[in-house]
Structure formats: C-alpha cells, structure tokens
Amino acid sequence: MRTDAEIQKDILNQLKWEAFLNAAEIGVAVKDGVVTLSGQVDSYYKKIGAELAVRKIAGVKAVAEEIQVGVSPVYLRSDAEIAKAVTDALKWHTAVEEDKIKILVEKGVVTLSGEVDWNYQRQAVVDAIRNMAGITRVNNYVTVKPGVTSADIQQKISDALERHATIDSEKIRVELVGHKVILRGTVRSLAEKDDAELAAWSAPGITSVENRLTIAVREYSF
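Now for a look at the structure at hand. (Residues numbered from 1 in each chain as written. Predicted model: local features only at pLDDT ≥ 70, side-chain atom pairs only at ≥ 80, totals over all residues. Heavy atoms only, no water.)

So, on to unusual backbone geometry. The phi torsion of most residues other than glycine is negative, and most of the peptide bonds are trans. The phi torsion at D32 lies on the positive side, around 55°, for a residue other than glycine. Its location among the elements puts D32 in the loop between β1 (26-31) and β2 (34-41). A relative accessible area of 54% means that D32 is categorised as exposed. One non-glycine residue, K107, adopts positive backbone phi at about 55°. Examined against the element boundaries, K107 turns out to sit in the loop between β5 (101-106) and β6 (109-116). (Helix = DSSP H or I, 4+ residues; strand = E, 2+ residues; numbered from the N terminus. Buried < 20%, exposed > 50% of the residue type's maximum accessible area, 1.4 Å probe, protein only.)

Structure (structure tokens):
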C-alpha cells in the first residue's frame with residue numbers, strides 16, 4: 001500500500017510536470033489517500049487542470065478541490081464581456097446547439113442550463129469555455145434528454161468498456177435501471193474510474209451514470 005507521503009511526492013512532481021501550472025501556487029495535503037488541493041491560480045482552466053493531474057496518480061482515492069481562482073488584472077473581464085465571449089464560443093462550436101443553452105454570468109461565475117440529446121454535447125459546452133479569461137467557475141446544469149434505450153444497451157456498454165485500453169473491464173459490472181447506468185466493481189485509479197464513466201455516458205438514451213466504482217489499493221513488494 002502506498003503511503004500518503006509517497007502519494008504527495010508523486011502529486012507534487014506531476015504538478016511540476018504540467019507546463020501550464022505553477023506548482024508553487026498549489027498546496028497538496030494527503031490523508032488516507034484523499035487529496036486536498038488548496039492555493040490560488042489565475043484561471044479556471046488551471047484549477048481544473050490541477051485536479052485532472054492529481055487524478056492520474058496511483059493511490060489517490062478522492063480529490064477535495066479547494067483551489068481559488070484569483071483573476072489577475074490583466075485577465076479581468078466584465079460579466080457582460082464574459083457572457084458575450086461564452087455565447088460566441090458556443091455559437092462556433094460544432095458539437096453544441098447554442099440555442100438550447102442558457103447562460104448566466106455573475107461575478108465571473110458562469111452558470112449553464114438547458115437540455116441536450118447527448119452527454120458529449122453537455123461536456124462540450126464546458127470544454128468550449130473553460131480556458132476563457134475572467135471565468136472563476138463554471139456551474140454546468142445542462143441535462144441530457146431521455147432517449148430510447150435499446151434492449152441490448154447494457155451489453156453494448158460492457159463491450160465498450162472491454163475495448164477501452166485503460167480499463168480493466170473484467171472488474172466492472174454494468175447495471176441498467178431505466179435511463180440510468182450503475183457501475184460497480186473496482187478500478188486501479190481515479191483516472192480509470194473517470195474513463196469508465198465516460199464510456200458509459202456514450203451509450204444512446206442514457207440520462208445519468210451512477211459511478212459506484214471503488215479504487216483498489218495496490219500492494220507493493222519491496
């Protein structure tokens with residue numbers, strides 16, 4: 001089993017490895033495999049990037065994200081400017097039907113709502129704007145519209161997990177309850193857990209994924 005000190009060391013090295021991050025701005029605390037990130041960065045993109053970097057590390061069971069976004073004067077934008085930039089970005093993004101998305105901006109916080117046909121469209125809305133200057137947080141309340149689920153959708157999700165190079169599909173069970181997928185079993189990392197959830201979301205007609213996968217503790221021999 002990896003110690004908290006070993007996990008913390010790997011996280012700090014990973015943060016240094018990510019070229020767009022300044023590791024000195026980010027505090028890292030680890031207790032029983034649960035990582036708490038603190039500090040202040042100058043963009044929402046860096047905040048999210050730090051969390052994604054941590055989720056790659058073996059032994060991490062969960063991430064508590066407490067990093068604050070303090071936009072530097074160079075990148076300050078009014079809410080009206082941010083709202084226009086978000087609207088324009090969604091208009092030009094081929095995966096987004098911008099007329100289905102409602103946008104609210106208050107003190108740099110962007111709140112998105114509406115209904116789309118697929119989860120990849122829901123995620124594309126955030127991907128299109130998360131590196132914009134002036135944004136301090138994004139609340140994604142966009143939902144996926146219920147669709148028609150085929151009788152063999154459960155098997156199709158299992159097949160998709162099996163095809164995925166980073167997923168050990170033999171340790172994952174897939175349940176289908178109406179339009180909801182429930183994932184159970186064990187994975188080796190938070191990153192694998194995320195990949196399994198994304199694979200399940202790719203199924204047609206799915207409106208929610210309940211990820212109950214747990215992270216197996218690896219034993220290390222010395």
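This part takes up the sheet that holds β5. The three strands are arranged β5-β6-β7 in an open sheet whose pairing can be described as mixed. Either end of the sheet is taken by a strand with one partner, and the two such strands are β5 and β7 (137-144). Sheet twist, expressed as the average angle between the axes of neighbouring strands with direction ignored, equals 10°. For β6 and β7, the ladder comprises eight bridges, and the chain directions are parallel. (Pairing = 2+ DSSP bridges. Axes fitted to C-alpha atoms, helices over the stretch in contact; angles between N-to-C directions.)

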